[in-house]
Structures are given as structure tokens and as C-alpha cells.
Number of protein chains: 2
Amino acid sequence: MQASPRRQPTLDEVAARAGVSRTAASRAINNNPHVSQAKRDAVQRAVDELGYVPNPTARALVTRRVGAVVLAVSSDEPTLFADPFFAEVTVGVSSFLEQTDLELILLLAHTPHGRDRLQRILSARRADGLMLMAVRGDDPLGQLAERTDMPVVFGGLPLHSTPRWYVDPDNRGGGRLAAEHLLRSGRRRIAMITGQVDLHACVARELGFREALTLAGAPLVALEVGDFTLPGGEAAMERLLTAHPDIDAVFAAGDNMALGALRALRRHGRGVPHDVALVGFDDLAGAPYAAPSLTTVHQPVRALGREMARMLVDAIDGQDPNPLILPTHLTVRDSAPEHRADQA
Amino acid sequence: MQASPRRQPTLDEVAARAGVSRTAASRAINNNPHVSQAKRDAVQRAVDELGYVPNPTARALVTRRVGAVVLAVSSDEPTLFADPFFAEVTVGVSSFLEQTDLELILLLAHTPHGRDRLQRILSARRADGLMLMAVRGDDPLGQLAERTDMPVVFGGLPLHSTPRWYVDPDNRGGGRLAAEHLLRSGRRRIAMITGQVDLHACVARELGFREALTLAGAPLVALEVGDFTLPGGEAAMERLLTAHPDIDAVFAAGDNMALGALRALRRHGRGVPHDVALVGFDDLAGAPYAAPSLTTVHQPVRALGREMARMLVDAIDGQDPNPLILPTHLTVRDSAPEHRADQA
DNA sequence: TGGAAATATGGAAGCGCTTCCAGTTTCCGG
DNA sequence: CCGGAAACTGGAAGCGCTTCCATATTTCCA
């Protein structure tokens, strides 16, 4: 390995030094079988001596493989990505890609201009594949993704269609778990705080939640809409408490909203879980640290990212991986214990 | 704009259609002055009709500009990036890059293999510039970054050297603010929870904190080491309470650690702020939602990312931007109010 | 009105790599 | 010792774009 030479050595120089043709050098470097061991060794030596590193751009030009994938998060508020949820997904994606030689291009498209950029990236084939997170019902990204011939993996289903490749947590099942748990612990005046209503995840969580309530013959006393943020959850809880002061349980479709709700409950002097039991969704890192610690539906966020990446890589390799639903489970903590008596 | 043609049109086809040479077409597209308006228009028309999008790879091959920058976060635990802090920085970076036509390559280098990848990216010039976050004292990335001839912007100073380009919050000043606040509110038995000791940010925060204590003639009763995580802060607080049950104030060098500490304090029945006042650092989104809400040193995290990106772009453009220290300020909330009496 | 200066133009040479294709060599069984 | 299969080898043709350079064309002022 040389100490940063002024100019990167090229394949030609490697070939010359190794005393082989450029073709042979290229083959040796790419493990193409049509080279003798002798040349292979000679090339290897030359590579080491020169500190040669193939120019990915030149390679991409001819192979038509860029060696990069895009993870796009579309939202109106730039803040969305700051949600630990996305960070965790990103970690998952990245941890899988680390095993490949694909790079991760992160695209936070929160303006029309940002979406244009994604559009351009797609039409210019600046990436080999695309992961799309949490597409809203009216998001043009959905159709945009359908039109490209680049493999696209959805993280979370879009609202109105079922794409070929997606990874989705079992939102419906998770919603059901939350309801069953609250019912089991004796709650009957149950409300819910959902997220953006045009997000499949919210619809599914609500659906599952309602399902279980209906099965038990319990009503959903009220439904308020938040936006997956702490202040959003807080405001929704405020509205809930104003309109229905007698509720004894709340299911928030996201931990952040649950944490926001917790604050509103605290301010209103409602004891959690004594007066009101609270269940979140996500099981983010902060959930055990809330006061009281948050009972929540756990979804494997990092695995979600990892599997999205794996699926995309498979798709790029010309396979046709199966869509994936990841299991959720309930993590019981203090904000909604098994039995009401535990806390009363 | 065509409906996704089987093959992307090339510059040659645009030129042919516009009835000009390829050279002229290229110039028209790149706003090179050496083209007549007439040809410019003709080319524009052809571009529109064909839905032509320049091939960035081919362009990069000749211009030697890749059109991408790397944001690298190096750490042993893959979890680090999941810290809302980094997510927020990323949002800042991304929001600036959105105005340019640079792409953001995210590299979470938490294994030796990950660092190799970064190394390869640098030597293969797969990016035009590099942003490096929170480099630890012994991190090989530091030297690696010095050896490359690609512009490198540091987010947070490295421990032992002062790079040419960096953006750093005023950690020392922030530490000072925390100490002054605690002293002002009448605390005297003060401890600190720092992060990794080979991180410049921690050293600087501690330095500032100690400075202000010394100036007031107050001792630093104890110092425990955490790792910027919730459990890390919790454990550090446990140790603190065991060894020094009489402390009446704690400064945690990060909000996550402060939140962890809060839990330990709660478990030990210590009232916050009545028995122990708690000050964090960062002012993450969750700080106002803790119970009690967290007094903390605010640092402009998103601005940090934005300025890193701006600085890098300037550096890539051949300018020599000045390093930047961003101001911090104290956000007073309930965990450490102005006056002890407020809460007693 | 005559050129010098300014402006426009396109041919051709690459950027660094992969890969087709047409040979050349090597290896064996007959 | 021969012929064909199998294994190598390297020349050359691009991938799609920018840009140098030499050549037109126009402009403008003395």
C-alpha cells in the first residue's frame, strides 16, 4: 500500500507492471475464472505494490451497476426522520448493507424539491434499488415508485396498494394485543390515539385494536389523531381528557405519542396506571425509562431495516423475494400492568 | 417527459434530434456560454421530448466529481446512531444538501470491516467529501481522514488534534453554564456523569464544568463515566448514589444519560429536584417530557449538521471556510429550577 | 471597408473499466 | 504422434459524457 500517490494508479498500470494484458488484469481482479493462476498472482502483486483500487465510476459505467441503494423517507416535516424509529431502521439497513459492497444513500424528502431529487435519482439510475419508508396515502412517491423499473422495497405498506416487495410489522396483530391486554386487566372505557390517518400502519393498528374490542363486546370510547410526535400525543390526550374525562385506558399508536400522553395525564393529575392505563407501540429505547415505564407493543425495528435491505439486495440480484410480515409482541411494564390490582 | 422508455436516451440522441453536435448539446445542457441561443433552445426541446436525463456515472467519470458526500459515524456499538442526537444531525445535513445536487451517503462504521469500507470509499474516491462525527481518541478514522486528500469536516473535535475544518458546539461553555446554574440555585455537593473519556465533547464539558466549580470554590464531589446511553446513565447514577449518598446535584454530559440517571434517582427515592437537581446536555426532543422535565444545556444539533454540510460543500468548491463553534445555552426546566426554594 | 478580436462550432480524444470475440496454447485419449 | 476439446490470452470496441483544439463565423472599431 502506497502513501497516497498523487494520482490513483489505473488498471493499465497494474497490467503493465504485472506484465499481462489489461483484460487479464481485469479478470484477475474480478475473480473471473479465465485467467491462469500465474497471472492472477502477478496481478495481485502489482495491485499490492501500486496500491491499486478500481475506479467504481468507470466500472459502473460499463456494468450499469452503481453500487448504491437509496433509503427514502418522505414526510412533510423534516423532523420525522429524527424519530428514533427511523434512526433504528437505518441502523438495521446499514448493518445489512455493510456485508455487501453497496452504499446507502439517505434521502429525506420533505419538500416537493426533495421529491424531485428522488425522481431524478430514479430516472438517472443513480442507484440500483430503493427502499421507501412509511409512504402516506397521498404521497406521490408511491406512484413514482411503481413507474420505475428499479427494484423498490416498501418499509410499511402503502395505503391503497400492495407492492411486490415489502416488509411490514404485524400492526394489526399488535393492535389486537394492546386491546386484549387492556381488556384482560379489567379496563372498559378505552380510547385510542392514532397517527396520521392516511398511514397504513395507523389504519392497521386501529383495525386490530377495534377488532379485539368488538370481539369482547367493548366499545372504543374515543379516537383522537396525533402525528407520532411527543407534542402531538400530548395534545391528543388533552382533547381526550376534555371530551371523555372518564376513560380508564388509552392505546397510543406510537411510543412518542404515548410519552406525550403521559405528560398530559400527569398534568391532569391522572394516575397511571391507577386511573388510566397506557399502552404504546414501538418499544423504543426510551419506553422503559418513562415514569411509569411504558407498556408497549414491541416491533422489531432494527430487523425491519435489516430485512428491507436483504430483500432489496435479493431483488437487485434478480431473485423474487417474498414479502415479509414481522411479528410484534406485547412488552408489559408499569403503565399498564397485567392486573389492575397490582397497582391500585 | 416520456413514459419510461426501455433504454435511457443518450446525449447523442438528443444532439441528433436537435440537429446539433454532441458537443453543443453537452454545452447547452451544462449552461456553458459557448452556445448560441438558437441551439440552446433546440437542445432544450429535444431534451424535453426525449425525457433525457444525463447519466451521472458517465459525467462523473470525466469530471472526477462523484456528486456525493459521506457522513460517517464511527462507534463500537451499532446503537450509537440510534441516538436521537445523530438522527437530528443527519436531518440538518440532509436539509442543506437538499439545496445542492449532492447525495448523502450514510456510513455507520461500527466494525473494523465498516472502517475498511470507509477506507475503500476514500481511496476509490467514491465521494467528493467526508463528514466525520464524534471521532474517539483512538479511532483510526482520525488519521485515515488526515491522509486523504478529500475535504473532511469534523463534527465535534477529535481528541488530540485540531483539524482544518470542523463544527463544534461550545461544549466547554455549556459545561460552565451547567455548573453556574447549579451553584446559583444553592447546590454544593455536586457530581458529574461524563461520557466516553476519549471523546473531546466529554472532556470539554467536564473541563468547563470543573472550571466554573473551581471559580466558585466548590469541589466536584464525584465523577462517573457513562456511555451516552440510558442504561449507561442509570448505572453511573447508581454508582454515584452508592459512593456518595449525600450529593445534591448531578450534571450528566448527555440527555440520555440524564434520563437514565433520573430513573435511578426515582428508584432510590430521591426527589428531583428536591433532593437532587439534575442537569443534562443536548436538549433532545424528549427532555421536556421527562418527569420532571429536564433542565439541560441546549446545543443546536440540527444547525450543527447543517453547518457541517455547508462547510464541506464550500471546501469541495475550493474555498477554505472557517471552523465554527456553535453557541450553547441553558434551558431551565423542572429537574433543576432557578431557585431551590421553588420546589422545596 | 479591412482585419483583429470575439464568439460559435464540432471532430476527436479521452475518463478507467468490462467484455466480446477471435485467436493461441495446452492437454489427452486414441 | 495426431486432432479436437478445453483452457487461456489480449486486441479492440465500447459504456455516455466532457473538453481540448483547430476551424468557421460574426462582430466591431479604426
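Residues numbered from 1 in each chain as written. Chains lettered and ligands numbered in written order. Predicted model: local features only at pLDDT ≥ 70, side-chain atom pairs only at ≥ 80, totals over all residues. Heavy atoms only, no water.

Enquirer: Any chance you could explain the overall build of chain A here in plain terms?
Expert: Helices and strands together make up the secondary structure of chain A, namely 12 helices and 12 strands. Taken against the 2.2 N^0.38 rule, which gives 20 Å for 344 residues, the C-alpha radius of gyration of chain A at 26 Å runs more than 25% over that of a compact globule. When the backbone C-alpha atoms are referred to their principal axes, chain A occupies close to 85 × 40 × 35 Å. Going through the 344 residues of chain A one by one, you find that 58% of them count as buried. Of all intrachain contacts in chain A linking residues separated by at least 6 positions in sequence, the fraction that spans at least 24 positions is 72%. Looking at chain A as shown, the accessible area adds up to about 14100 Å², and 51% of this sits on carbon and sulfur atoms. Separation of charge centres in chain A, based on 37 positive and 41 negative side chains, amounts to 5 Å. (Helix = DSSP H or I, 4+ residues; strand = E, 2+ residues; numbered from the N terminus. Rg over C-alpha atoms; globule rule 2.2 N^0.38 Å. Buried < 20%, exposed > 50% of the residue type's maximum accessible area, 1.4 Å probe, protein only. Contact = heavy atoms within 4.5 Å. Areas by Shrake-Rupley, 256 points an atom, 1.4 Å probe, with all protein chains shown as cover. Lys, Arg positive; Asp, Glu negative; His and termini not counted. Charge placed at Lys NZ, Arg CZ, Asp CG, Glu CD.)

Enquirer: I would appreciate a short explanation of the pairing of strand β3 (residues 129-133) of chain A in the present structure.
Expert: Look at any regular strand and the pattern is simple: side chains alternate between the two faces of the sheet. All names here are of chain A. In terms of burial, β3 is a largely internal element, 5 of the 5 residues being buried. Across the two faces of β3 the burial is the same, with Gly-129, Met-131 and Met-133 and Leu-130 and Leu-132 all buried. In terms of strand pairing, β3 meets strand β4 (residues 152-155) through 4 bridges, oriented parallel. Across the sheet, the residue bridging to Leu-132 is Phe-154, located in β4. Note that the unit made of β3, helix α7 (residues 140-147) and β4 has a crossover that is right-handed. (Pairing = 2+ DSSP bridges. Right-handed = clockwise from strand over helix to strand, strands pointing away.)

Enquirer: What exactly am I supposed to notice about the relation of the copies chain B and chain A here?
Expert: Between the two copies of the chain lies a rotation about an axis combined with a shift along it. By a simple turn and slide, chain B fits onto chain A: the slide is 0.0 Å along the axis, the RMSD is 0.1 Å, and the turn is 180°. Such a turn and shift between the copies fits a two-fold axis. Looking at the rotation axis and the C-alpha trace of chain B, the residue lying nearest is B:Ile105, at 2.2 Å. Of the interface residues in chain B, 98% have counterparts in chain A that sit at the interface too, so the contact is made through matching surfaces. (Least-squares fit on C-alpha atoms with pLDDT ≥ 70 in both.)

Enquirer: How should the pattern of salt bridges be read in this particular structure?
Expert: Side-chain pairs of opposite charge can arise whenever the charged atoms involved come near each other. Residue and element names in this part refer to chain A. What the rule picks out here adds up to 40 salt bridges over all chains. As a salt-bridge pair, Arg-125 and Asp-149 come within 3.0 Å of each other at their nearest N and O atoms. Of this pair, Arg-125 sits in the loop between α6 (112-123) and β3 while Asp-149 sits in the loop between α7 and β4, and the two are 24 residues apart along the sequence. We note a salt bridge from Glu-338 to Arg-184, for which the minimum N-O separation is 3.5 Å. With Glu-338 in the segment after β12 (329-331) and Arg-184 in helix α8 (residues 171-184), this residue pair connects regions lying 154 residues apart in the sequence. Assessed through its relative accessible area of 33%, Glu-338 is described here as partly exposed. By sharing partners, the salt bridges in this structure join Glu-234, Glu-238, Arg-263 and Arg-267 into a single network. (Salt bridge = Lys/Arg side-chain N within 4 Å of Asp/Glu carboxyl O.)

Enquirer: Got a minute to help me understand the nonpolar core in this structure?
Expert: The tendency in soluble globular proteins is for nonpolar side chains to be buried side by side. If you look at the biggest cluster of nonpolar residues, it comprises 118 residues, and the most contacted ones within it are A:Met131, B:Met131, B:Phe209 and B:Met237. If we ignore the near neighbours within four places in the chain, the residues touching B:Met131 are B:Val69, B:Val70, B:Leu71, B:Ala72, B:Val93, B:Leu104, B:Val153, B:Met308, B:Ala309 and B:Leu312. Formed by 47 residues, the second largest nonpolar core is a distinct cluster that contains A:Leu183, A:Cys202, A:Ala218 and A:Val297. (Core = buried A, V, L, I, M, F, W, Y, C linked by side-chain atoms within 4.5 Å.)

Enquirer: Explain the protein's contact with DNA strand D to me, please; I cannot follow it from the model alone.
Expert: Looking at DNA strand D, there are 27 residues lining it, with A:Arg64, B:Leu11, B:Arg22, B:Ser26 and B:Tyr52 nearest. A share of 59% is what sugar and phosphate atoms reach among the atoms of DNA strand D within 4 Å of the protein. Here a phosphate oxygen of DNA strand D and a backbone polar atom of B:Leu11 are 2.4 Å apart. For DNA strand D, a phosphate oxygen lies 3.1 Å from a polar atom in the backbone of B:Asn55. Sort the elements by how many residues they give to the surface near DNA strand D and helix α4 (residues 56-63) of chain B lands first, with 5 residues. Classifying every residue of the surface near DNA strand D gives 11 nonpolar, 10 polar and 6 charged. (Near = heavy atom within 4 Å. Polar contact = N/O pair within 3.5 Å; in protein donor to acceptor, adjacent residues only side chain to side chain. Nonpolar A, V, L, I, M, F, W, Y, C, P; charged D, E, K, R; others polar.)

Enquirer: What is the right way to look at the packing of helix α10 (residues 230-243) of chain B against helix α11 (residues 255-267) of chain B in this model?
Expert: Residues and elements named next belong to chain B. In contact at an axis separation of 6 Å, α10 and α11 are set at 45° when each is read in the N-to-C sense. Judged by the angle between their axes, α10 and α11 are oblique. For the pair α10 and α11, the crossing hand works out as right-handed. Residue-level inspection shows Leu-230, Gly-233, Glu-234, Met-237, Glu-238 and Leu-241 of α10 in contact with α11, the latter providing Asn-256, Met-257, Leu-259, Gly-260, Ala-261, Arg-263, Ala-264, Leu-265 and Arg-267. Of the residues that constitute the contact of α10 with α11, the class distribution is 8 nonpolar, 3 polar and 4 charged. (Axes fitted to C-alpha atoms, helices over the stretch in contact; angles between N-to-C directions. Parallel < 35°, antiparallel > 145°, perpendicular 65-115°, else oblique. Left-handed = near helix turned anticlockwise from the far one by under 90°.)

Enquirer: Before we go on, may I ask you to explain the domain arrangement of chain A in this structure?
Expert: Interfaces are frequently sized by the accessible area removed from exposure as the parts join. Per the domain assignment, the segments making up chain A are domain 1 (11-54), domain 2 (68-169 + 302-326) and domain 3 (171-300 + 330-342). Here domain 1 of chain A and domain 2 of chain A have C-alpha centroids that lie 37 Å from each other. (Domains from an automatic or database assignment.)

Enquirer: I'm lost on the protein's contact with DNA strand C in this one. Help?
Expert: Around DNA strand C, a shell composed of 27 residues is seen, among which A:Leu11, A:Arg22, A:Ser26, A:Tyr52 and B:Arg64 lie nearest. By atom count, sugar and phosphate contribute 57% of the portion of DNA strand C lying within 4 Å of the protein. In this structure, a phosphate oxygen belonging to DNA strand C sits 3.2 Å away from a main-chain N or O atom of A:Asn55. Between A:Arg59 and DNA strand C, the recorded distance is 2.8 Å, taken from a side-chain N or O atom to a phosphate oxygen. If you list the elements that add at least two residues to the surface near DNA strand C, you get α2 (22-29) and α4 (56-63) of chain A together with α2 (22-29) and α4 of chain B. Ranked by residues supplied to the surface near DNA strand C, first place goes to α4(A) with 5 residues. Along the lines of polarity and charge, the residues of the surface near DNA strand C split into 11 nonpolar, 10 polar and 6 charged.

Enquirer: Teacher, can you tell me more about the pairing of strand β7 (residues 220-225) of chain B here?
Expert: All names here are of chain B. When strand β6 (residues 190-194) meets β7, the two strands line up parallel, connected through 5 bridges. Counterpart to Ile-190 in the pairing with β7 is Leu-220. One crossover worth recording links β6 to the parallel β7 by way of helix α9 (residues 200-215), and it is right-handed.

Enquirer: Honestly, unusual backbone geometry in this entry has me stumped. Any pointers?
Expert: Glycine aside, a negative phi is what most residues show, and trans is what most peptide bonds show. Note that the residue after A:Val272, namely A:Pro273, is joined by a cis bond; omega there is 10°. Relative to the helices and strands, A:Pro273 resides in the loop between α11 (255-267) and β9 (277-282). Located in the positive-phi region is B:Asn31, a residue other than glycine, with phi close to 55°. In this structure, B:Asn31 sits in the loop between α2 and α3 (37-50). On the accessibility criterion, B:Asn31 (63% relative accessible area) is exposed.

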